[in-house]
Amino acid sequence: MQTTQDITVTRSATEVVLVAPAYTLGVALARPRATIAGPDGELWSDLSLLASVDRLGVPDESSGPTAVTVEEEDDGSVRVTVLTDSSAWATKAIVLHCTPTEVRARVEVTTEEDDARITDLTMFGGQAALPTGAAGTFRSGIRFPSLFVPTPTEPIQVVRPSNTQAQLGVVGDAEPGRLHGIFSPPPLVFGLGRPSIAADAPHGPTDMPVGDWLGVSVVAPIAQLGFTTFRYDVLDGGFLFRLTYEGHTRVRAGGWVSPEFVLRPGGAPLTLIRDYRDDLAARGWAAPAPEPVAWWHEPIFCGWGAQCALAVRMSHEGEALATDNADGFVLPSGAAFAPDLARQYLYDRWLRRLAERDLRPGTVVIDDRWQADYGTNTVDTEKWPDLRGWIDERHAAGQRVLLWFKAWDPSGLPPELTVRDAFGRPVAVDPSNPAYLDALAEQVTRMLSPDGLDADGFKVDFTQRAPSGVTLRTHADGVWGISALHAIIRTIHEAAKAAKPDALVVTHTVHPSFSDVTDMVRLNDVLEDSVHGEPVPVGDQLRFRHDIAAASLPGHPIDTDQWPMPSREEWLAYSRIQPELGVPALYYVESIDNSREDVTDGDLDEIAALWRAYRAARDDEHQKEPSTV
């Protein structure tokens, strides 16, 4: 037996056992397996020490292992290396770097070729043909009943059974099985909960119980997050993790090292998120929160909920909008498409009603769709005859204006600035093309500069609509997935700050490495039901999201959002707790879209009182902290 500072290493003919303060790891010497347990000896998993790094046209199937080595390092850590033969690479090694508090695993491959393109990476499992004759896909053992998933999904279940698939990343929408894009990207960490978690059952759909958790996170600088999704794949009591690169990461002659998969115990799901953020920050891959700007904390009015509610009313009640439109524009009965209602005279109508009830938002968001084209962000002058003049009026009233921005949409752009499908059709904007990023920066400057629209920032939406597919074509390799989204948001953020130093960029990119390009985090659209088909209260949903965002991006202001609301009662209940969670955001003025209930004067009076109390509390707090305004 040998003690390496805080890790005790015990060797036998068949196994090496590492006993650290936070875990125990038993590494088999003749097969690619290891066990990981807590300090009490209770097992989390029998881990597969196989991995596959599939190439375009060349699947990676392992044979072996050919060697397993365990080495004590001078710094007190222990390095475990598992070598296997590979059908796709000249060499392949799975490396575990073990410290007293965590295990950091990665894959290292080498090649003599100059154009090897990675499609999928699997870790703690993969394709293999072993000396025993067993072949096919191997997985790690599930010895934990619960899985923590740090992104909202439909159905809503934050802690779910461990035999349930889960996915994190930047691909999703409202289609079945794709609603995990509410945070895009979320923190890239899953939590594996041991039996003590189940002992505390039952749990509500948004509960995050304290107990024995093992976090599994993906750690790398943002430029190396060239995958679209991080997936927890399960089958018949086994799991592995998968990163989808889709052939857009090119490995040149020499080799490639994967991001690290970090196994770190923690006592609660939020602890796993905070530890993940601290890990990235310690390596310089997550920035501190932005300096506070007073106006960012002003209550928000976003017109999207009012647009949707009016669209529903028009569909069901046949309302025609001719009464207060000075330009004589009439929407026909039934033209109830909410983006068509982002119109100057309607926003004036809604703001007048708010002012009548002493509700004066400090920030107004013009939502989808004020643009003629999403990709060019030119003004639709039929809807907004004088957007610049309208923004000037808001400024004269002491208000700021954010413009809704749809990420990834290529509408109106030249094809050469887009990601294209196998037939040459545009699918998304292409941040691998410097010409697109230049065009985007020019758009931002035009929208925010005093010589342009003079808006004050952006509500960036649809970051979950990243292009995904092996056959898609880009201008250059290596800018894909999460790293490609960061390039878009970075360009928006830098150009916005150049045009207006106090500009506000609001996103739902709840990943610590987006802290340098995100000023405020939006909690995003409300979902509906639990796995049992029961409605989940809006307040519960948004509290969970707030806690994840605050742990992942500490110090960032939070836009509490407010859409869609299932009923007037839930809308009012959520309005009452919004000041506790962040910046209050009001979406409804005349009616509620889902329930078609009217918003009364008394309702707006109550929200006005909530805003007055919120502002008074902010004034007290503001006197205690510096401001850039």
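The structure under discussion appears in the preceding block.
Only a predicted model underlies this, so the values are computations on that prediction, with no experimental measurement involved.

**Student:** Requested: an account of the nonpolar core, with residues and values cited.
**Tutor:** Counting 188 residues, the largest nonpolar core has F230, Y232, L403, F458 and W571 as the members making the most contacts within it. The element best represented in this core is helix α7 (residues 481-499), accounting for eight residues. Setting aside residues up to four positions removed in sequence, W571 forms contacts with Q562, M565, L586, Y588, I592, V599, D603, L604 and I607.

**Student:** Residue-level account of the environment of F544, with values.
**Tutor:** Mapping F544 onto the fold places it in helix α8 (residues 538-552). Taking the relative accessible area as the measure of exposure, F544 reaches 4% and is therefore buried. When the C-alpha atoms of F544 and W384 are compared, they prove to be 37 Å apart, with 160 residues separating the residues in sequence. In this view, F544 contacts V149, P150, T151, P152, V158, T206 and M208; residues no more than four positions away in its chain are not counted.

**Student:** Give me the side chain of Q541: which residues, what numbers.
**Tutor:** Along the polypeptide, Q541 turns up in helix α8. Of the residues examined, Q541 reaches a relative accessible area of 3% and is grouped as buried.

**Student:** Tell me about the pairing of strand β19 (residues 213-219), and name the residues and values.
**Tutor:** The element β19 is largely enclosed, with a buried count of seven among its seven residues. Every second residue of β19 is oriented toward a common face, with W213, G215, S217 and V219 on one face and L214, V216 and V218 on the other, all of them buried. Note that strand β18 (residues 189-193) and β19 share five bridges and pair antiparallel. Bridge pairing links F190 to V216 in β19. Here β19 runs beside strand β23 (residues 260-266); their pairing, made up of seven bridges, is antiparallel. Looking at β23, one finds that W213 is bridged to G266.

**Student:** Before we move on, could you go through the layout of surface pockets and cite the residues and values that matter?
**Tutor:** By volume, the largest pocket is sized at about 630 Å³. Lining the largest pocket are 29 residues, with A174, F462, Q464, D525 and W563 positioned closest to its centre. Tallied by class, residues from the lining of the largest pocket come to eleven nonpolar, six polar and twelve charged.

**Student:** Before we move on, could you go through the packing of aromatic side chains and cite the residues and values that matter?
**Tutor:** Using the criterion set out here, one finds 24 aromatic pairs in the structure. Ring geometry for F190 and F241: centres 6.1 Å apart, planes at 20 degrees, overall stacked. Of the two residues, F190 sits in strand β18 while F241 sits in strand β21 (residues 238-251), which places them 51 residues apart along the sequence. When sorted by exposure, F190 lands in the same class as F241, which is buried. Look at Y245 and W256: their rings are 5.7 Å apart centre to centre, the planes differ by 90 degrees, and that puts the pair in the edge-to-face class. Here Y245, found in strand β21, pairs with W256, found in strand β22 (residues 254-257); they are eleven residues apart in sequence, far enough to count as distant. Each member of the pair Y245 and W256 is classed as buried.

About the cut-offs
- Residues numbered from 1 in each chain as written.
- Predicted model: local features only at pLDDT ≥ 70, side-chain atom pairs only at ≥ 80, totals over all residues.
- Heavy atoms only, no water.
- Core = buried A, V, L, I, M, F, W, Y, C linked by side-chain atoms within 4.5 Å.
- Buried < 20%, exposed > 50% of the residue type's maximum accessible area, 1.4 Å probe, protein only.
- Helix = DSSP H or I, 4+ residues; strand = E, 2+ residues; numbered from the N terminus.
- Contact = heavy atoms within 4.5 Å.
- Pairing = 2+ DSSP bridges.
- 1 Å grid on protein atoms, 1.4 Å probe; cavity = no way out; pocket = protein on both sides within 12 Å on 5 of 7 lines; lining within 4 Å.
- Points joined across faces, edges and corners; volume = space filled by probe spheres on them.
- Nonpolar A, V, L, I, M, F, W, Y, C, P; charged D, E, K, R; others polar.
- Phe/Tyr/Trp six-rings, centres within 6.5 Å; stacked < 30°, edge-to-face > 60°.

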